[in-house]
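This is what each chain is made of:
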Amino acid sequence: MNLTTPLKVIIVEDLALLRQRLERLLQKQPGLVVTGSCGTVDEAIALINNRKPDLLLLDIELPDGTGFDILEQISVPAKVIFLTAHNDYAKQAFRCGAIDYLLKPLNEEELGEAVQKVINAQPLLREQIDIAGNSFREKKVPENIVLRSRDFAQVVAVKEIAYLQGEYGYTTVYLHDGKKLVTTSYLKEYEELLSDETFLRPHQSYLVNKLYIDRYHKKDSIIYLKDAIQIPVSSRRKEMVDQYFKKL
Amino acid sequence: MYRIIVLAIICVACNTNGNHRQSPSADPLLPFFKQRVNPLLQNLETAAAKKILDSLLPYIKEKDNYIDMCSWLRCMAVVYQLENKLDSARWYVDRSLQLALEKDTTQRQILAGKIQTADIMGDQHSLDSAVRYGREAYFMAQKIDTPGLPLICLKLYNIYEKIGDLPMQKKYLFEGFKRSTSPKHKTVFAVNISEYYEKVNQVDSALIFFQTLMKDTSFSNPYYNAVRYENLGTLLSKKGYLKEGLAYQLKGMQISRELDELSARYYYNIAATYLKLGQYLKDEHLLDTALSLASHEKNWALQKQIWRAKAANLTLQRKPWQASAAKDSAFSYYDKEVDSSAIGRARELEAKYSLLEKDLQIKSLALSNQESERTRERQRNAIVQIICSVVVLGIYLYWVWRKKQYKMSIREDNLRQQLLGGQIKSHFLYNSVDGLLELIENGNTRSAVNFIQRLTQLLRLSLENARQPFVSLKNELHALASYLTLQQVLSGNQFDFHIEVEGLADQRAILIPPMLLQPITENAILHGFAGQQEKGQINILIQKDHKALHCVIDDNGRGFQVAGNQSQKRSLSTLINKERLEILSRQTRTHAKLKIIDKKETTGKAGVRVELIVPYQSPVIKKNGKRVESQQQF
């Protein structure tokens, strides 16, 4: 953290009163300087290209477009915190792209934490922006999603995922070719993201891609995947799983 | 041959008896029976008789006279008896007897019925019953109907003959003979008595009987005489008094010839006498005549006897070859007799059974016809029922479908309206709270309080409005004003607005769908004023027409000059509004309109002008005079 050169921040928010609040809150954060703020996509692109900020606070919904429109049109790599006022599609898009975001109304503490986290993290990858932007425009989960841990962000195809195992705030994603990736998201987030049509949750800690289910051993409450991996079925979810296999 | 005579006599007797019983004033029906039906029966023309009887039935029924009915039934019984359909005959006679038992006071119909029953029973070989009926008739007749007694005696004789009780046969024969008054009766009895004697081989007794008959000159009739002479002659010749016998026989033959009643047996009997007299040629000649007659009568038994006699004759004439040929013929006729009787019986049986079979077939055919008719009827009924129920079901389902469709459309409409309101609310709410936080944190307490009041108003109204398809114009405009004020604060006074209502005394008396105007103003603020330097202005003008409100929302924003995402968004909200207006137009059956004008094209100045024609409704007045609408007053 370099104290002499504070991070330059640009705020893009269409409501003047909210913009004012963001400016005030960010000014309180150490090591930050708000170099500009605006309310539309056009203004933002011009401003960003001019001021070359280190951090962007982007409202997802703007009068003349979206926050993704801005990111796609700027050349300056910047760290981004997205803002949204309760929009399910926006949340879905952020999760697909593994992008951090804040929900309005803003909380000073949360904002501070998010800023510190983003400062220490890698800048967004182009893939992350593309995947999230597409998801937001199409209002659906794309074929590829981004998996991210502290150290990396990786794009995987949803159909490549064999199953996911969650524990203590981490989720391990097992791909069908045997690779595994540990992400910093809760399993619940993936469950919300990945559709019921393709994924089954037989256990509190497991989410299974239906494509890779080989057979179900009802008596032992075990689902066997195609490469002989055994997924336990919890007694709480057994009925639901039984129903699913009955309907097949 | 005798049998036919007997039957014919029964018929005549029955009807004669009936005739006797009838008073002179009686109808001509019984004579009709006697004249028309009896001859047919005697000739065994049963079909013709039946036809006549059938044609008579309606007439008899109409007359409703039990005597006629009994007679008719008995005639039918005779017809069936002659046709050898004994069960049918029995049925008719039973009916006759029953009717007689019910209605007859003179017992004469009962008597007639009993006689006939006895006769039919005899034919059916139910001999015990036949005897019982016959005896009953006999005793009744002794009391009331002495002229009918000979006939009953004859019947009883027939029955006892079948039983084989000789003393009883003799008793009734002689009683009948004594009581007979008519020549035919007497003749029949005489013949039967002679047969009886012959049967028991008491030629002497027979001879004595006939000799006494000859002495008795009190009764004279050609038929009777012929039978007397013939029988006496034959009996005498049998006893060896050939000449005397021949004389009687020839006398009898003479009378018979006059009556045209000659039969083969006459010739045969006379021939036998000639043979005994040694007049072989005459014998042979007579036998030939008898033979031709017998073959004509188809009496195989007699033919056999004749051939035998002929053989004896030829032997005596010393013509052995011819004799043996005659014997052969006799033998062949014996075969024929046996055959014919067996064949006849077999044929009879066969005919009987085939008739029975045919009856059954007809019955079963009728039954199956009835059954198939019934089945067809049932099928037809079922088809009609099915069609009816299908139609009814179809109508019902169509009705349900329509109802569901209607309900669904209404639900859809309401849902969409609520959803729309909800979407606007949640997004707007979070932004508002964020803005409010800024006001509070900045110490703008007055503004904050004002903001909260406006926000509360808007929330309350929109919550209430979302529940109702129609809200009062007053409430809707209040909500709109609140919304615009809040937006004004949030945007940092980026625009001003003005709402004007013309010619409306009571804004509560106008009901419109909620949230129609708000999206238009939102469009103006978001897309019209965002990024603009100069201050925006929204003017809202509302005028009342006959059935609709004319609304104009005019802004001085950017207009349509910016393409892309922005106009897409604008058109989306426009689409939703248009659809809502269409629903409203359907529901109220009033014209509705949404028109968006880019002012740059018409006036040259920047901005958008939206013109709305919104059909309104009037609130329903309740009994207590209060309006249904119970919205918060401001």
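Definitions and limits used
- Residues numbered from 1 in each chain as written.
- Chains lettered and ligands numbered in written order.
- Predicted model: local features only at pLDDT ≥ 70, side-chain atom pairs only at ≥ 80, totals over all residues.
- Heavy atoms only, no water.
- Helix = DSSP H or I, 4+ residues; strand = E, 2+ residues; numbered from the N terminus.
- Buried < 20%, exposed > 50% of the residue type's maximum accessible area, 1.4 Å probe, protein only.
- Contact = heavy atoms within 4.5 Å.
- Areas by Shrake-Rupley, 256 points an atom, 1.4 Å probe, with all protein chains shown as cover.
- Pairing = 2+ DSSP bridges.
- Axes fitted to C-alpha atoms, helices over the stretch in contact; angles between N-to-C directions.
- Parallel < 35°, antiparallel > 145°, perpendicular 65-115°, else oblique.
- Left-handed = near helix turned anticlockwise from the far one by under 90°.
- Nonpolar A, V, L, I, M, F, W, Y, C, P; charged D, E, K, R; others polar.
- Expected span 1.5 Å × (residues − 1).
- Salt bridge = Lys/Arg side-chain N within 4 Å of Asp/Glu carboxyl O.
- pLDDT = per-residue confidence, 0-100.
- Phe/Tyr/Trp six-rings, centres within 6.5 Å; stacked < 30°, edge-to-face > 60°.
- Lys NZ or Arg CZ within 6 Å of the ring centre and 35° of its normal.

Participant: Sorry, what's going on with the overall build of chain B here?
Facilitator: Of regular secondary structure, chain B possesses 22 helices and 7 strands. Out of the 634 residues belonging to chain B, those deemed buried represent 45%. Of all intrachain contacts in chain B linking residues separated by at least 6 positions in sequence, the fraction that spans at least 24 positions is 64%.

Participant: Can you walk me through the overall build of chain A in this structure?
Facilitator: Within chain A one finds 8 helices and 17 strands. Taking all 248 residues of chain A together, the buried fraction comes to 52%. Across chain A, every contact between residues at least 6 apart in sequence was considered, and the portion connecting residues at least 24 apart equals 54%. When the accessible surface of chain A is split by element, carbon and sulfur atoms take 48% of a total near 12,300 Å².

Participant: Mind showing me how you'd approach the sheet that holds strand β1 (residues 7–12) of chain A here?
Facilitator: Adjacent strands of a sheet pair through backbone hydrogen bonds, lying either parallel or antiparallel. Residues and elements named next belong to chain A. Read from one edge to the other, the open sheet built from 5 strands follows the order β2-β1-β3-β6-β7, with strand pairing classed as parallel. Taken across any chain shown, the strands that pair with only one partner, and hence form the sheet edges, are β2 (32–38) and β7 (101–103). Neighbour-to-neighbour, the strand axes of the sheet open up by a mean angle of 20°, direction not taken into account. Docked against the sheet, helix α1 (residues 16–28) engages β1, β2, β3 (55–59) and β6 (79–84), running at close to 170° with respect to β2. In this fold helix α5 (residues 108–120) packs onto β1, β2, β3, β6 and β7, with an angle of close to 150° to the strand it touches most, β6.

Participant: It is not clear to me how the environment of Leu581 of chain B should be interpreted in this structure. Could you clarify?
Facilitator: Residues and elements named next belong to chain B. As for its placement among the helices and strands, Leu581 is situated in helix α21 (residues 565–588). Given a relative accessible area of 4%, Leu581 falls into the buried group. Residues in contact with Leu581, not counting those within four places in the same chain, are Leu516, Ala592, Lys593, Leu594, Leu612, Ile613 and Val614.

Participant: Please clarify how the packing of helix α6 (residues 108–123) of chain B against helix α8 (residues 149–163) of chain B should be interpreted in this entry.
Facilitator: Geometry of a packed helix pair, given as the angle between the helix axes and the separation of the axes. Residues and elements named next belong to chain B. Following both chains from N to C, one finds α6 and α8 inclined at 20°, their axes separated by 10 Å at the closest point. By the angle between their axes, α6 is roughly parallel relative to α8. The two elements α6 and α8 meet at a crossing, and its hand is left-handed. Taken together, the residues of α8 that come into contact with α6 (itself represented by Leu111, Ile115, Ala118, Asp119, Gly122 and Asp123) are Ile152, Lys155, Ile159 and Lys162. When its residues are assigned to classes, the contact of α6 with α8 shows 5 nonpolar, 1 polar and 4 charged.

Participant: Sorry, what's going on with helix α14 (residues 264–277) of chain B here?
Facilitator: In an α-helix, one turn spans 3.6 residues; hence positions three or four apart end up facing the same way. Residues and elements named next belong to chain B. The end-to-end C-alpha distance of α14 is 20 Å, a good match for the 20 Å that 14 residues give at a rise of 1.5 Å each. In terms of burial, α14 is largely enclosed, as 10 of its 14 residues are buried. Downstream of α14 by a residue or two, Gly278 has a phi angle that is positive, lying close to 85°.

Participant: Sorry if this is basic, but what is going on with the environment of Ser235 of chain A here?
Facilitator: Residues and elements named next belong to chain A. Assignment of secondary structure puts Ser235 in the loop between β17 (230–232) and α8 (238–247). Residue class for Ser235 comes out exposed when judged on its relative accessible area of 71%. As for Ser235 and His203, which are separated by 32 residues in sequence, their C-alpha atoms are 8.4 Å apart.

Participant: Explain the pattern of salt bridges here, please?
Facilitator: Two side chains carrying opposite charge are able to pair once their charged atoms lie near each other. In total, this model carries 28 salt bridges over all chains according to the counting rule given. Here Glu192 of chain A ties to Lys188 of chain A by a salt bridge, and the two come within 3.5 Å at their closest N and O atoms. Of this pair, Glu192 of chain A and Lys188 of chain A both sit in helix α7 (residues 187–193), separated by 4 residues, roughly a single helical turn. Accessibility expressed as a relative area gives 48% for Glu192 of chain A, which makes it partly exposed. In this structure, Asp496 of chain B and Lys535 of chain B form a salt bridge, with 3.7 Å as the shortest nitrogen-oxygen distance. Placement of Asp496 of chain B in strand β2 (residues 495–502) and of Lys535 of chain B in the loop between α20 (518–529) and β4 (536–544) is noted, with a sequence separation of 39 residues between them. Residue class for Lys535 of chain B comes out partly exposed when judged on its relative accessible area of 43%. Here the salt bridges share partners, and the residues they tie into one network are Arg21 and Arg24 of chain A together with Asp434, Glu438 and Glu441 of chain B.

Participant: How should the confidence of the model for chain A be read in this particular structure?
Facilitator: A low pLDDT score tells you not to read the predicted coordinates there in detail. For chain A, per-residue confidence averages 88 on the pLDDT scale, and residues scoring 70 or more make up 98% of the total. Helix α4 (residues 88–97) of chain A is the least confidently modelled element of chain A, averaging 85 in pLDDT, while strand β14 (residues 206–209) of chain A averages 93, the highest of any element.

Participant: Any chance you could explain the sheet that holds strand β6 (residues 593–598) of chain B here in plain terms?
Facilitator: All names here are of chain B. A sheet is described by the order of its strands in space; here 5 strands give the open sequence β2-β4-β5-β7-β6, paired in mixed fashion. Pairing within the sheet leaves two strands with one partner each, and these edge strands are β2 and β6. Taking the axes of each pair of neighbouring strands and ignoring which way they run, one obtains an average angle of 10° across the sheet. Sheet topology places strand β5 (residues 548–555) next to strand β7 (residues 608–615); 7 bridges connect them, and they run antiparallel. By the bridge assignment, Asp554 is partnered in β7 with Arg609.

Participant: Where do I start with the pairing of strand β13 (residues 199–203) of chain A in this structure?
Facilitator: Within a regular beta strand, the side chains point alternately toward one face of the sheet and then the other, so they alternate between its two faces. Residue and element names in this part refer to chain A. Counting buried positions along β13 gives 4 out of 5 residues, so the element sits mostly inside the fold. Strand direction decides the pairing type here: β13 and β14, joined by 3 bridges, are antiparallel. Within β14, the residue paired with Phe199 across the bridge is Asn209. Linking β13 to β14, which pair antiparallel, is a turn of 2 residues.

Participant: Honestly, the packing of α14 of chain B against helix α16 (residues 300–316) of chain B in this entry has me stumped. Any pointers?
Facilitator: Residue and element names in this part refer to chain B. It is the contact of α14 with α16, at a shortest axis distance of 11 Å, that shows an interaxial angle of 20°. With respect to each other, α14 and α16 are oriented roughly parallel. Where α14 crosses over α16, the handedness of that crossing is left-handed. On α16, the residues touching Ala264, Arg265, Tyr268 and Leu275 of α14 are Leu302, Gln305, Ile306, Ala309, Asn313 and Leu316.

Participant: Is there a simple way to explain the side chain of Gln116 of chain B in this structure?
Facilitator: Residue and element names in this part refer to chain B. Its location among the elements puts Gln116 in helix α6. Overall, Gln116 belongs to the buried group, its relative accessible area being 1%. What Gln116 contacts, discounting residues up to four positions off in sequence, is Arg74, Ala77, Val78, Gln81 and Val93.

Participant: For this particular structure, what's the right way to read the packing of aromatic side chains?
Facilitator: Ring pairs (aromatic) are described by centroid distance and by the angle formed between their planes. For the structure on display, the rule yields 17 aromatic pairs over all chains. Look at Trp72 of chain B and Tyr92 of chain B: their rings are 6.2 Å apart centre to centre, the planes differ by 75°, and that puts the pair in the edge-to-face class. Of this pair, Trp72 of chain B sits in helix α4 (residues 66–82) while Tyr92 of chain B sits in helix α5 (residues 86–103); the two residues are 20 residues apart in sequence, bridging distant segments of the chain. By the ring-pair criterion, three or more aromatic residues cluster together here, those being Phe68, Phe82, Phe94, Tyr101 and Phe136 of chain A. Over the face of the ring belonging to Tyr224 of chain A we find Arg215 of chain A, whose NZ or CZ atom lies 4.1 Å from the ring centre.

Participant: Looking at this model, I keep getting lost on the pairing of strand β10 (residues 161–167) of chain A. Mind explaining?
Facilitator: All names here are of chain A. Extensive coverage of β10 is indicated by the burial of 6 of its 7 residues. By the bridge criterion, 6 bridges tie β10 to strand β11 (residues 170–175) in an arrangement that is antiparallel. Directly across from Gln165, in β11, lies its bridge partner Thr172. Connecting β10 to the next strand, β11, in antiparallel fashion are 2 residues, including Tyr168 with a positive phi near 50°. Sheet topology places β10 next to β14; 3 bridges connect them, and they run antiparallel. Bridging across to β14, Leu164 finds its partner in Leu207.

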